[in-house]
Each structure stands twice: as C-alpha cells, then as structure tokens.
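Below are the chains, spelled out letter by letter.
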Amino acid sequence: VIPAALLAAGVACGIAGLFPGYLAGASLAQQPAELVPHVAYLAVWSASALLIGFGGTRLRAGALLAAGMSIVTFGFFFADAGTVIAGGAHLMGAGLVLSLVGWLLCAAGSAVAFRVGSAGAPGRPFGHEIGIALALTIAALGTAVAFAPSWDSYTLRTSAGATQSLTAGNAFANPAPVIAGNVAVMVALVAVVVAAALWRPIRLRTALLAGAILPMAAQAISALVMLGEGTSPSQFGISPAQAAQAGLTISSGLTPAFWIYCVFVAALVVISARMLIPSRSAARAGHWSGGRVQPGPASDLYARQLPVAAQDDAG
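Keep in mind that this is a model prediction, so the values were computed, not measured.

**Topic: the nonpolar core**
The tendency in soluble globular proteins is for nonpolar side chains to be buried side by side.
Move 1: Ranked by size, the top nonpolar core spans 67 residues in total, and within it Trp 45, Leu 136, Phe 147, Val 193, Met 216 and Tyr 261 carry the most contacts.
Move 2: Elements with a minimum of two residues in this core: α1 (2-16), α2 (32-54), α3 (56-87), α4 (94-117), α5 (127-147), α6 (176-197), α7 (205-229) and α9 (256-274).
Move 3: In terms of residues, this core owes the most to one element, α3, which gives eleven residues.
Move 4: In this structure, Leu 136 is in contact with Val 193, Ala 197, Leu 209, Leu 268, Ile 271, Ser 272 and Met 275, ignoring residues within four places of it in sequence.

Here it is in structure tokens:
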C-alpha cells in the first residue's frame, strides 16, 4: 500500500505541475513538445502503481518499471533544475517545483516497492544470453551517444537570397548544471540497460528495460512534435517586424544524429522483445526420450532457473 500510495501522490503532483509556469513563466501544458515526455512519465508511473497494488509478481514488475523510469528521468529533471541554478531563481515556476516533488515521491515509491517485493538482482549471464546482453549494451551506448549532438536544424532565407543554416539542441552547449543533468541521463540509461540484461528473475528484466527505454522514446516523439509546431523568428532574436521586412522564411528539420538515435532506440525495443522468448521456451527445451528429459545444455539451464521460477509463482 505504501509504495503504491507514494507513486499515486507523485503522479498527482506531476499532473498538477503541468499547468502552472514551469520555466520562465511558460507552463508545460502550453508547450506540446515539453508536455509529451512528462505525460509519458506520469503514465508509466501510474501503470507501476497499479501493478504494485496487485501484489505478487506484478508488484515486482511494477517496482522495476517505476525504478527504471525514476533512475533515467532523474537527469532530465536535474537539467531543468540546472536551468534555474544557472539562470536565476526568477526562472523557476510552481510547475517545476510540483514536478520535482512528484519525481521525488515516485522515486521513493519505486524504492520502497523494490525493497518490499524482493524484485531480484543482476546475475551472471548464461551462454546464450551473452550475445543479447552485448547487443543491449551496444544499443544503449549508441542511444546515449546519439542523444548528445544537435537534433534540430534550421535554414533561414531572406527575400534577397541570403541563406543561413543553424543547428540547435547539443547536450553540451548549455550551462554546466544542465550538462550535468544530460550526462546523468546518458550514464543512467546505459547502467540500467546493462543491469536489466543481467537481471534475475529473467521474466522481470523486461519491466526494468521498459522503464529505461520509454523516457528515451518520449524524447524522440517530443522532437517530432516540435518539428510540427513550426519555428518563430523570435527564437533567433528577430522580431516579427524585422522578419517581415527582410522577407525571412525559416524551414526546420532534424539532423542525421536524431535518426541514428531513433534507430538505436528501436533496437533496444526489438532486443527487449526478443529477450522474452527464452523465458517462455526454457520449460519446453531439452531432449525427450521415453517421457523423461535427458540431460543437456537446455535442460540444465531450466534446472538452474527452476528455483527462481518457483519463488516467482509463490508470489
């Protein structure tokens, strides 16, 4: 009850934080590109609270789902707070305060659920799992690296034919506290994915992976939403009157780094889905003869996993 209540309280604070000013007076509800990731976070934490409320194996899955989300999103919220640290307290709105409190409550709820539910721990991979673990690690590293470069590209044209191309969104082109938050996101993603690749019980590792992957997928969706919103000349310090006088037009797009990022995120999703297959087929593996399972690599693997499975079924 306690972890589910903490998560529910955190989600309530997060929802309340969508409407007041977040940074520099603008609320998240007024900025669709910023709203999308936060709604995704709240949806995952809400699902985690429901799973935890059911107890048993669902509690463990909910704890890992919420833990993965809380660990990875820490960097995003720290980067937002870093904007205030670098720019001054006047930038902080009530929406940011409520959102930070919401994250703290959800993180606490996931930690309590993890402790109560005995959700497992990383272990030594078996032979057939090493390749999948390596693939997940490479995909996580690729996602982290592709997260850093600029994603947004702009082309400015005037009626006189002058053209200028710009890029924006580099994770390291920010004040130091914001950079620290972005680095925390990249490090946390890789750490959680590697831990999930080695997690025992096997059936719960996908929940931890989902908690880490979903916030990164939400960032890609946010970039696409921002692309559809169009670009105002004021983003470049040009007033509408000056833009009209110069016949300025602005076209926006996404850099190759963004699409590379999407490929790596998609790879994480596909590999995570693939990891479900061994756990389903392990009980059917082995060589049958006269109604008995003969010793072999597959049957030995099932025998090693049997105590863990029995513990899961006991709830």
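**A closer look at the sheet that holds strand β5 (residues 163-168)**
Move 1: Read from one edge to the other, the open sheet built from three strands follows the order β5-β4-β7, with strand pairing classed as antiparallel. Each end of this open sheet is capped by a strand with a single partner; those strands are β5 and β7 (249-254). Strand-to-strand, the axes of this sheet are offset by a mean angle of 20°, without reference to chain direction.
Move 2: Bridge count between strand β4 (residues 152-157) and β7: six bridges; the pairing is antiparallel. Counterpart to Tyr 154 in the pairing with β7 is Ser 252.
Move 3: Across the sheet, α7 lies against β4 and β7, angled at about 165° from β7, the strand it touches most.

**Thoughts on unusual backbone geometry**
Move 1: Residue Pro 201 follows Arg 200 across a cis peptide bond; omega there is 5°.
Move 2: By secondary structure assignment, the location of Pro 201 is in the loop between β6 (199-200) and α7.
Move 3: In this structure, Ala 24 is a non-glycine residue whose phi angle is positive, near 55°.
Move 4: In this fold, Ala 24 is placed in the loop between β1 (21-23) and β2 (26-27).

**As for the packing of α7 against α9**
Move 1: At a minimum axis distance of 10 Å, the contact between α7 and α9 shows a crossing angle of 155°. In terms of axis orientation, α7 runs roughly antiparallel to α9. As for how α7 packs across α9, the hand of that crossing is left-handed. Contact residues: α7 offers Thr 206, Leu 209, Ile 213, Met 216, Ala 217, Gln 219, Ala 220, Ala 223 and Leu 224, while α9 offers Phe 258, Trp 259, Tyr 261, Cys 262, Val 265, Leu 268, Val 269 and Ser 272.
Move 2: Grouping the constituent residues of the contact of α7 with α9 by class yields 14 nonpolar, three polar and no charged.

**Details of the packing of aromatic side chains**
Move 1: Scanning the model with the defined rule gives 13 aromatic pairs in all.
Move 2: Both rings, one in Phe 147 and one in Tyr 261, keep their centres 6.4 Å apart while their planes meet at 40°; by these two values the pair is tilted. Of this pair, Phe 147 sits in helix α5 while Tyr 261 sits in helix α9, placing them 114 residues apart in sequence. Tyr 261 shares its class with Phe 147; the two are buried.
Move 3: Grouping aromatic residues by their ring pairs yields a cluster made of Tyr 41, Trp 45, Phe 76, Phe 77, Phe 147, Trp 151, Phe 258, Trp 259 and Tyr 261.
Move 4: Directly above the aromatic system of Phe 54 lies the positively charged group of Arg 58, at a separation of 5.6 Å from the ring centroid.

**Observations concerning a nonpolar patch on the surface**
Move 1: A cluster of nonpolar residues, Met 92, Val 97 and Val 101, forms a patch on the protein surface that exposes about 210 Å² of accessible area.
Move 2: By the element assignment, Val 101 lies in helix α4.

**Some details on the environment of Ile 238**
Move 1: Position of Ile 238 relative to the elements: it lies in the loop between α7 and α8 (240-246).
Move 2: When near neighbours in sequence (up to four residues on either side) are disregarded, Ile 238 contacts Leu 156, Pro 233, Ala 243 and Leu 248.

**Looking at the pairing of β4**
Move 1: For β4 and β5, the ladder comprises six bridges, and the chain directions are antiparallel. Residue pairing in the sheet places Ser 153 in a bridge with Thr 167 of β5.

**Details of the packing of α2 against α3**
Move 1: Their axes nearest at 8 Å, the elements α2 and α3 cross at an angle of 155°. Here α3 runs roughly antiparallel to α2, going by the angle between their axes. Seen along the crossing, α2 lies across α3 with a hand that is left-handed.
Move 2: Per-class residue counts for the contact of α2 with α3 are 13 nonpolar, six polar and two charged.

Each value, and the rule that gives it
Every chain is numbered independently, its residues counted from 1 as its sequence is written. Where local features are concerned, this predicted model is filtered to residues with pLDDT of at least 70; where side-chain atom pairs are given and counted, the filter is 80 or more; whole-chain, interface and lining totals use all residues. By convention in this description, side-chain values take in all heavy atoms of the structure and omit both hydrogens and water. Side-chain atoms within 4.5 Å link the members of a nonpolar core, which is a set of buried Ala, Val, Leu, Ile, Met, Phe, Trp, Tyr and Cys residues. For every residue, the accessible area (1.4 Å probe, protein chains only) is compared with the maximum for its type, and the residue is labelled buried under 20%, exposed over 50%, or partly exposed between those bounds. Where helices and strands are cited, they refer to DSSP runs of H or I of at least four residues and of E of at least two residues respectively, numbered from the N terminus. Contacts between residues were defined by any pair of non-hydrogen atoms, one from each residue, lying within 4.5 Å. At least two bridges found by DSSP between two strands are what make those strands a pair. Note on geometry: axes are lines fitted to C-alpha atoms, helical ones only across the stretch in contact, with angles between N-to-C directions running from 0 to 180 degrees. Oblique is the label for any angle not under 35 degrees, not over 145, and not in the 65 to 115 range, which are roughly parallel, roughly antiparallel and roughly perpendicular in turn. Take the far helix as your reference; a near helix turned counterclockwise from it by less than a right angle gives a left-handed crossing, and one turned clockwise gives a right-handed crossing. Three classes are used: nonpolar for Ala, Val, Leu, Ile, Met, Phe, Trp, Tyr, Cys and Pro, charged for Asp, Glu, Lys and Arg, and polar for all others, with Gly counted as polar. Stacked, tilted and edge-to-face pairs are distinguished by plane angle, under 30 degrees for stacked and over 60 for edge-to-face with tilted covering the rest, among Phe, Tyr and Trp rings (Trp via its six-membered ring) whose centres lie within 6.5 Å. Cation placement over rings: the criterion is NZ of Lys or CZ of Arg within 6 Å of the ring centroid and within 35° of the ring normal. Within the patch definition used here, like charges are joined within 9 Å and nonpolar side chains (Val, Leu, Ile, Met, Phe, Trp, Tyr) within 5 Å, considering only residues with over 30% relative accessible area and no salt bridge. Calculation of accessible area relied on Shrake-Rupley with a 1.4 Å probe; when residues are assessed, cover is drawn exclusively from the protein chains displayed. Here a salt bridge means any side-chain nitrogen of Lys or Arg lying within 4 Å of a carboxyl oxygen belonging to Asp or Glu.

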